[in-house]
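# A closer look at the structure
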Amino acid sequence: MTRITAAITAVGGYVPDTVLTNQDLEKLVDTSDEWITARTGIKERHILREPGKATSDMAIRAILPMLEKNNIDPLDIEVIILASVTPDYIFPASANIIGDKIGAKNAWGFDLAAACSGFLYALETGSRLIESGRYKKILVCGFDKMSTIIDYTDRNTCIIFGDGGGCVMLEPNTEGYGMIDSILHMDGSGKEFLFQKSGGSFSPPTIESVTNREHYVYQEGKTVFKFAVTNMADVSFKMMERNNLTSDDVHWLLAHQANLRIIDATADRMGLDKEKVLVNIEKYGNTTAGTLPLLMYDFENRFKKGDNLIFSTFGGGFTWGSIYIKWAYDPK
Ligand code: UT7
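Residues numbered from 1 in each chain as written. Predicted model: local features only at pLDDT ≥ 70, side-chain atom pairs only at ≥ 80, totals over all residues. Heavy atoms only, no water.

## Remarks on the domain arrangement of the protein
When cut into domains, the protein gives domain 1 (5–176) and domain 2 (180–326). Contact residues are listed per partner, giving 52 residues for domain 1 and 47 residues for domain 2. When residues of domain 1 are sorted by the area they lose upon contact with domain 2, C116, L120 and Y121 head the list and together hold 18% of the total. Counting the contacts that link domain 1 with domain 2 gives 2 salt bridges. The interface formed by domain 1 and domain 2 holds 17 residue pairs in polar contact (both at pLDDT 80 or more) in total. Every element with two or more residues in the side of domain 1 that touches domain 2 is listed here: β1 (5–14), α2 (33–40), β3 (44–47), α5 (118–131), β6 (138–145) and β7 (163–173). Considering only residue class, the side of domain 1 that touches domain 2 consists of 24 nonpolar, 16 polar and 12 charged. (Domains from an automatic or database assignment. Contact = heavy atoms within 4.5 Å. Buried area = accessible area lost by both parts, 1.4 Å probe. Salt bridge = Lys/Arg side-chain N within 4 Å of Asp/Glu carboxyl O. Polar contact = N/O pair within 3.5 Å; in protein donor to acceptor, adjacent residues only side chain to side chain. Helix = DSSP H or I, 4+ residues; strand = E, 2+ residues; numbered from the N terminus. Nonpolar A, V, L, I, M, F, W, Y, C, P; charged D, E, K, R; others polar.)

Shown next as structure tokens:
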């Protein structure tokens, strides 16, 4: 029987218009453009400032143009998976809201929370549904409106995060293109180093939790950095090793855009030349579940059919992993 793989057949992306530069942040917290650039590689990030607009609104601004460009009828979409830690509501799922707004009346779907690894977890889930033979069109999204959970008086976090994300269409492929391999991990013992202290069932919202700023992202940056550097580099190297890929065989590294130093360390471990390492962190900062689809969206025109793409990520949870994709189409 012919093996079915899940191939990415279309890519979309969106960031809001409002730009928050390092110079803007200098006015909010004790920081400097020099420090942020040297320590993270970030120059600016985009913020969704429009009243009444949420994560699902960013998603549809990426999805609708992608559907139109690729002549995809929303009624043909069977499943919608949204990776996000900033959904519109705790429930219903924002995948639901997105489905309604784009007219995907025949789809079911769900949200998935794995912080910065969310998009790769979602890609894995969608791919396995395609491989089952039951589904032909799955919309996989990664979007975060991080500005709603960022404390703009905390220089440890506000310099890093931005809003935005991207989406892909997954379809069956019988020529060997698409998802080849995945290695995904989690380690819940790392939870207190990067998390939102209140708002869930452990610590529901109270006047005190708001006063104590517990609904914002809390991060012990140094610890997260240490785990991120080691685990992202290790898992990416392991992905190469177990697929017998040399550094020459890898065409592109798409690494989670959290810190340029973490991306560089991963690329070094893989022995990759700089031109194979895709970077847009300077424009968007860390959009959490959004970074990897946004990278694909920005660099889609460079990918050729048959190119070997290695995706790598590390995020809160802790969660981390790598995915190996053989690209399925030439620039459109
Ligand atoms: O996406 C999910 C995963 N998240 C990540 O991967 C983020 C991982 N962590 C990081 O990227 C880095 O740890 C940060 C960018 C958050 C911080 O960089 P760092 O090189 O680890 O800085 P640090 O926390 O060790 O601080 C070094 C110094 C300290 O001053 P002293 O003690 O040496 O005098 C900090 O107080 O820099 C100071 N500092 C700042 N100075 C200016 C910390 N934040 C800032 C700031 N501006 N924003």
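## Some points on the environment of K145
For K145, the location among the structural elements is in strand β6. Note: C-alpha distance between K145 and A289 (144 residues apart in sequence) is 9.8 Å. Once residues within four sequence positions are removed from consideration, K145 is found in contact with L48, K53, A54, T55, M58, T86 and D163. Within the structure, K145 has its side chain in polar contact with the backbone oxygen of K53 (distance 2.8 Å).

## Some details on the sheet that holds strand β8 (residues 178–186)
The 5 strands are arranged β8-β14-β13-β11-β12 in an open sheet whose pairing can be described as mixed. Every interior strand has two partners, whereas the edge strands, β8 and β12 (277–278), have only one. Where strand β13 (residues 308–315) lies against strand β14 (residues 319–326), 8 bridges are found, and the strand directions are antiparallel. Looking across to β14, one finds that F314 is bridged to W320. (Pairing = 2+ DSSP bridges.)

## Details of the pattern of salt bridges
As a working rule, side chains carrying opposite charge can pair if their charged atoms are close by. This model, assessed by the stated rule, comprises 13 salt bridges. In this structure, the salt-bridge partner of R242 is D181, at a minimum N-O distance of 2.7 Å. Taken together, the positions of R242 in helix α7 (residues 221–242) and D181 in strand β8 put the pair 61 residues apart, joining distant regions of the chain. Classification of R242 by relative accessible area gives partly exposed; the value is 46%. (Buried < 20%, exposed > 50% of the residue type's maximum accessible area, 1.4 Å probe, protein only.)

## Quick look at the site of the ligand
Lining the immediate surroundings of the ligand are 23 residues, of which T31, R39, K222, N259 and N286 lie closest. Between Q219 and the ligand, the recorded distance is 3.2 Å, taken from a side-chain N or O atom to a nitrogen atom. The separation between an oxygen atom of the ligand and a polar main-chain atom of G221 is 3.1 Å. Across the complex, the protein chains shield 75% of the 950 Å² of accessible surface that the ligand would expose by itself. The dominant element in the shell around the ligand, judged by the number of residues it contributes, is α7, at 4 residues. (Near = heavy atom within 4 Å. Areas by Shrake-Rupley, 256 points an atom, 1.4 Å probe, with all protein chains shown as cover.)

## A closer look at the pairing of strand β11 (residues 252–255)
Burial along β11 is two-sided: the face carrying W252 and L254 and the face carrying L253 and A255 are both buried. As defined by bridge partners, β11 adjoins β12 across 2 bridges and the pair is classed as parallel. The partner of L253 across the bridge, within β12, is V277. For the crossover that starts at β11, traverses helix α8 (residues 260–270) and ends in the parallel β12, the hand is right-handed. (Right-handed = clockwise from strand over helix to strand, strands pointing away.)

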